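Residue strings, one per chain:
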Amino acid sequence: MRQTAPVDDQTAEISLERLHYGKLASGAALSVPACQGYGVTLRSHNLRSSDDRLLSPPRLMALRRFEPDLVDPGARQRGSFLARVSPEPNSRRAIFLRARFRPEDGEDGHGRLYQQSAVWSVTTADWRRHPAALLAMAGAELEAFPDLASDDESVRFSAEPARYIVRLLDRQEVWSALEDALEKTRWAPPVLEFLARGAETGEDATLTFGADDFASEAAFLRAVGLALQFLPASYPRWREISVVAGLRHEPQGLCLRYLPSLGAAARSSVAA
C-alpha cells in the first residue's frame, strides 16, 4: 500500500506522521549502550516537540505508567497495539501505537528490559474514511524498533512522513464482505451488535477476543477494519472507538480488543 502510483478517482493518499520513543541502539544486535537514556529518537518534521508528551504511550493508553505486565504474554515479541483518536480535547488526529519492552542487549538478549515505542499520526478524517486500510497497514508495518545512535540527529528529527496510496472502498462492496462474514464467522455478529448497542446506550464497554476467535493480530485488525469501514459518517461515537491488541488495559469509550493468550470463552462485553 505504499505510494507507487499517482492518485486517481479510485484511490486516496494518506500521510502518516511518525514519532519514536525509547533508547538509541548500535551494532548488529541493536544493543543499547550503557550511556543511553530515554527520549524521543525520531520525529517527523511536521510534528512539534510539544507533541512528544501528547503522543507518549501512557497518555495514549490512558495509563499512569506502562509496565511489562500489561503486555499480553502472546504479544511480547512485537508488543501491544492501539488505534484511537488522540485524547487531547478536540483532537484532529488519530494515532496508531506499537509499544513493547525489549532487552538492552538486543532482540535475543537477556538483559534489562526497557520500553520502545512507535507512533503513527493521521488526520481523524482519514481514520474515519479508511479504517480498514489503516488498520491493515499498521498491523503489517508499524514496529517498535530502536533508531541507531550512528544516525545523524538532524535527520532523525526532520523525518519525512510516510505516504500511502489506498483504494477507495465502495459501501456495497464492504457490506457484501460483511454479509459473508456474518454467515461464516463468529466475530461479525458480536462486533456489529457491540457497535450498534454502544451508539444506543452511550456507555463505556469493551469487547475482547482471543486466539480461538482470531489466529493472529493481523486477522483481528482486518476484521475490525471491515466492520468500522461500514459505519456511517453519522455514527455518534467515532471519536470514542479504540482498537487494542496485546494490551491488558483498555481506554474508556468503545474498545475492541484482542488478547492472543485468551480463548473464546474469555470474550466478554463489559461496561466500564
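The rules behind the values
- Residues numbered from 1 in each chain as written.
- Predicted model: local features only at pLDDT ≥ 70, side-chain atom pairs only at ≥ 80, totals over all residues.
- Heavy atoms only, no water.
- Axes fitted to C-alpha atoms, helices over the stretch in contact; angles between N-to-C directions.
- Helix = DSSP H or I, 4+ residues; strand = E, 2+ residues; numbered from the N terminus.
- Parallel < 35°, antiparallel > 145°, perpendicular 65-115°, else oblique.
- Contact = heavy atoms within 4.5 Å.
- Nonpolar A, V, L, I, M, F, W, Y, C, P; charged D, E, K, R; others polar.
- Buried < 20%, exposed > 50% of the residue type's maximum accessible area, 1.4 Å probe, protein only.
- Phe/Tyr/Trp six-rings, centres within 6.5 Å; stacked < 30°, edge-to-face > 60°.
- Lys NZ or Arg CZ within 6 Å of the ring centre and 35° of its normal.
- Salt bridge = Lys/Arg side-chain N within 4 Å of Asp/Glu carboxyl O.
- Left-handed = near helix turned anticlockwise from the far one by under 90°.

Enquirer: Looking at this structure, I do not really get the packing of helix 6 (residues 171-184) against helix 7 (residues 188-201). What am I missing?
Expert: Packed helices, taken two at a time, are described by the angle between their axes plus the distance between the axes. The interhelical angle for the contact between helix 6 and helix 7, taken along N-to-C directions, is 120°, at an axis separation of 8 Å. In terms of axis orientation, helix 6 runs oblique to helix 7. Residues L178, A181 and L182 of helix 6 touch helix 7, and the partners they reach there are A188, P189 and L192. Grouping the amino acids of the contact of helix 6 with helix 7 by side-chain chemistry returns six nonpolar, no polar and no charged.

Enquirer: Would you mind showing me how to read the side chain of Q229 here?
Expert: Looking at where Q229 falls in the secondary structure, it is placed in helix 8 (residues 217-230). Classification of Q229 as buried rests on a relative accessible area of 15%. Setting aside residues no more than four positions away along its own chain, Q229 makes contact with R129, H130, P131, A132, L169 and V174.

Enquirer: Please explain the packing of aromatic side chains as it appears in this structure.
Expert: Each aromatic ring pair is specified by the distance between its two centres and by the angle formed by the two planes. Applying the stated criterion across every chain yields a total of 13 aromatic pairs. Ring centres of F96 and W127 lie 5.4 Å apart, and the angle between their planes is 90°; on these two criteria the pair is classed as edge-to-face. With F96 in strand 4 (residues 93-103) and W127 in helix 3 (residues 124-129), this pair connects stretches of sequence that are 31 residues apart. Given the relative accessible area of 0%, W127 is considered buried. For the pair W127 and W238, a centre-to-centre distance of 5.6 Å together with 80° between the ring planes defines the contact as edge-to-face. Here W127, found in helix 3, pairs with W238, found in the loop between helix 8 and strand 8 (241-245); they are 111 residues apart in sequence, far enough to count as distant. W238 carries the same exposure label as W127, and that label is buried. Put simply, the rings of W187, F209, F214, F220 and Y258 pair up and form one aromatic cluster. Here K23 stacks its cationic end above the ring of Y38, 4.8 Å away from the centre of that ring. A cation over a ring is seen here: R171 above F230, with NZ or CZ 4.0 Å from the ring centre.

Enquirer: Can you walk me through the environment of A125 in this structure?
Expert: For A125, the location among the structural elements is in helix 3. Between the C-alpha atom of A125 and that of L70, which follows or precedes it by 55 residues, the distance is 30 Å.

Enquirer: Looking at this structure, how should I read unusual backbone geometry?
Expert: What you tend to see is this: most non-glycine residues have negative phi, and most peptide bonds are trans. Its identity as a non-glycine residue notwithstanding, L30 has a phi of 50°, on the positive side. When you line up the elements, L30 lands in the loop between strand 1 (11-22) and strand 2 (39-43). The backbone of N90 sits at a positive phi, close to 55°, despite the residue not being glycine. Looking at the element boundaries, N90 is found in the loop between strand 3 (80-85) and strand 4. For N90, a relative accessible area of 73% gives the class exposed.

Enquirer: Would you explain helix 4 (residues 131-141) in this entry?
Expert: One turn of the α-helix equals 3.6 residues, which is why residues spaced by three or four share an orientation. Counting buried positions along helix 4 gives eight out of eleven residues, so the element sits mostly inside the fold. Inspection of helix 4 places P131, A132, A133, L134, L135, M137, A138 and G139 among the buried residues, and these make up the whole buried set.

Enquirer: What is the right way to read the environment of L70 from this model?
Expert: Within the fold, L70 resides in the loop between helix 2 (57-61) and strand 3. The class for L70 is buried, based on a relative accessible area of 17%. The spatial distance from the C-alpha of L70 to the C-alpha of S80 is 8.7 Å, given a sequence separation of ten residues. Beyond its immediate sequence surroundings of up to four residues, L70 is in contact with L63, R65, G246, L247 and R248.

Enquirer: Would you explain the pattern of salt bridges in this entry?
Expert: Oppositely charged side chains can form a pair if their charged atoms are brought close together. A complete count under the given rule lists 23 salt bridges for this structure. In this structure, the salt-bridge partner of E107 is R102, at a minimum N-O distance of 2.8 Å. When its relative accessible area of 1% is taken as the criterion, R102 is described as buried. Overlapping salt bridges bring together R48, D51, E88 and R93 as one network.

Enquirer: Whenever I open this one, the packing of helix 6 against helix 8 confuses me. Can you help?
Expert: Following both chains from N to C, one finds helix 6 and helix 8 inclined at 135°, their axes separated by 9 Å at the closest point. On the basis of the axis angle, helix 6 is oblique to helix 8. The interaxial crossing formed by helix 6 with helix 8 has left-handed handedness. Contacts between helix 6 and helix 8 involve R171, V174, W175, A177 and L178 from the former and L226, A227, Q229 and F230 from the latter. Within the contact of helix 6 with helix 8, the residues separate by chemical class into seven nonpolar, one polar and one charged.

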